[in-house]
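# Survey of secondary and tertiary structure
In case you want the letters, here they are:
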Amino acid sequence: MKQNTMARLAALALTLTVLAGCAAQQPQQPPEPTQTPSPAPEQSQPAATTEPTATPAPEATATTEPTTAPTPEPTATPEPTAKPTAKPTPEPTTAPTPEPTPSGPEDGSYTAKVTLSGGTGRATIQSPAALRCSGGKFYATIVWSSPNFDYMKVNGVRYDLISAPGSNSVFEIPVTAFDAPLTVIADTVAMSEPHEVEYTVTFDSASLTKQ
């Protein structure tokens, strides 16, 4: 830029000098209006050669390895739930009725003290008396001190002799209760005619002994 400016100024000075010499040689004329000298065209200077800029080599871009997407594990397909099959309602089974368990003592042979009251007071019975238990029920063997009794009644039921003829009268009768007087009837033939006599017998539970 500085060289261009100096060249312009030199050209302008040269022009003015030439114009001044011409004016001295020519007759005086009314002065023409001074024309402002046009600036000399700038001389194109050769453009400075721009050294080629070294293109930086592209840096090697690190190749990104592709990310391996995790393979989804297969989801187990739930098995279809089987619909419950309606089972036929079983017919009610009739349970066998259990046989009642005897709440009384065991079956077998026993003895127990027995007392007699009533009558004329002349006849007696053997004590303790022999008893047997069957199915929870007791039966007593009544042995009289006389052979003159031919049957007995308990609760209206007749019980005949179990002893041999000519021996003391023996009967087997049911024991319906212990520790309470039981009314019995004994038929005697000691009189001119058979005659039923009422007695009471009482069995002592405290003396009950299994044989």
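Residues numbered from 1 in each chain as written. Predicted model: local features only at pLDDT ≥ 70, side-chain atom pairs only at ≥ 80, totals over all residues. Heavy atoms only, no water.

In this section: the layout of surface pockets. Considering only enclosed or pocket space, the second largest pocket measures out at about 210 Å³ in volume. A per-class count over the lining of the second largest pocket returns 6 nonpolar, 4 polar and 1 charged. (1 Å grid on protein atoms, 1.4 Å probe; cavity = no way out; pocket = protein on both sides within 12 Å on 5 of 7 lines; lining within 4 Å. Points joined across faces, edges and corners; volume = space filled by probe spheres on them. Nonpolar A, V, L, I, M, F, W, Y, C, P; charged D, E, K, R; others polar.)

For the coordinates displayed, the defined rule picks out 6 aromatic pairs. Ring geometry for Tyr110 versus Phe138: centroids 5.3 Å apart, planes at 75°, classification edge-to-face. Taken as a pair, Tyr110 in strand β1 (residues 108–112) and Phe138 in strand β4 (residues 137–143) lie far apart in primary sequence, 28 residues in all. Per residue, the accessibility class of Tyr110 equals that of Phe138, and both read buried. Between Phe138 and Phe178, the aromatic rings sit 5.3 Å apart at their centres with planes inclined by 85°, giving edge-to-face as the arrangement. Separated by 40 residues along the polypeptide, Phe138 in strand β4 and Phe178 in the loop between β7 (170–175) and β8 (182–188) bring together distant segments of the chain. Classification of Phe138 as buried rests on a relative accessible area of 7%. Joined through ring pairs, the aromatic side chains of Tyr110, Phe138, Phe178 and Phe203 make up one cluster. Note that Arg132 overlies the ring of Tyr139, its terminal NZ or CZ placed 4.5 Å from the centroid. Above the plane of the ring of Tyr110 lies Lys210, whose end atom (NZ or CZ) is 5.8 Å from the centre. (Phe/Tyr/Trp six-rings, centres within 6.5 Å; stacked < 30°, edge-to-face > 60°. Helix = DSSP H or I, 4+ residues; strand = E, 2+ residues; numbered from the N terminus. Buried < 20%, exposed > 50% of the residue type's maximum accessible area, 1.4 Å probe, protein only. Lys NZ or Arg CZ within 6 Å of the ring centre and 35° of its normal.)

Our next topic: the nonpolar core. The biggest cluster of nonpolar side chains holds 25 residues, and the ones touching the most others in it are Leu131, Trp144, Tyr199 and Phe203. Contributions of two or more residues to this core are made by β1, β3 (129–134), β4, β5 (149–154), β7, β8 and β9 (195–203). The element contributing the most residues to this core is β9, with 4 residues. Not counting residues up to four positions away in its chain, the partners in contact with Phe203 are Lys113, Val114, Ala140, Ile142, Val175, Ala177, Phe178, Asp179 and Leu182. (Core = buried A, V, L, I, M, F, W, Y, C linked by side-chain atoms within 4.5 Å. Contact = heavy atoms within 4.5 Å.)

Before going further, it helps to spend a moment on a nonpolar patch on the surface. On the surface, Leu12, Leu16 and Leu19 cluster together to form a nonpolar patch covering roughly 270 Å² of accessible area. Position of Leu16 among the secondary structure elements: in helix α1 (residues 2–25). (Patch = residues over 30% accessible without salt bridge, like charges linked within 9 Å, V, L, I, M, F, W, Y side chains within 5 Å. Areas by Shrake-Rupley, 256 points an atom, 1.4 Å probe, with all protein chains shown as cover. Salt bridge = Lys/Arg side-chain N within 4 Å of Asp/Glu carboxyl O.)

Another aspect to go through is the sheet that holds β9. In a beta sheet, neighbouring strands are held together by backbone hydrogen bonds and run either parallel or antiparallel to one another. One open sheet accounts for 5 strands, arranged β2-β9-β8-β5-β6; its pairing is antiparallel. In the strand order of this sheet, the two ends are held by β2 (114–118) and β6 (157–160), each with one partner. With direction set aside, neighbouring strand axes in the sheet form an average angle of 30°. Pairing geometry for β5 and β8, over 5 bridges, is antiparallel. Its bridge partner lying in β8, Val154 is registered against Val184. (Pairing = 2+ DSSP bridges. Axes fitted to C-alpha atoms, helices over the stretch in contact; angles between N-to-C directions.)

Applying the stated criterion to the full structure yields 3 salt bridges. For the salt bridge of Glu196 with Lys153, the shortest nitrogen-to-oxygen distance reads 3.2 Å. Here the residue Glu196 occupies a position in strand β9, and Lys153 occupies one in strand β5, the gap between them amounting to 43 residues. A salt bridge links Asp160 to Arg158, with the shortest nitrogen-to-oxygen separation between them at 2.8 Å.

Okay, the sheet that holds β7 next. Sheet architecture is open: 5 strands sit in the order β7-β4-β3-β1-β10, paired in antiparallel fashion. Sheet topology places β7 and β10 (209–210) at the edges, where each strand pairs with a single neighbour. Looking at chain direction, β1 and β10 are connected through 2 bridges and run antiparallel. Of the residues in β10, the one forming a bridge with Tyr110 is Lys210.

Everything listed is a geometric property; what it means functionally is a separate question.
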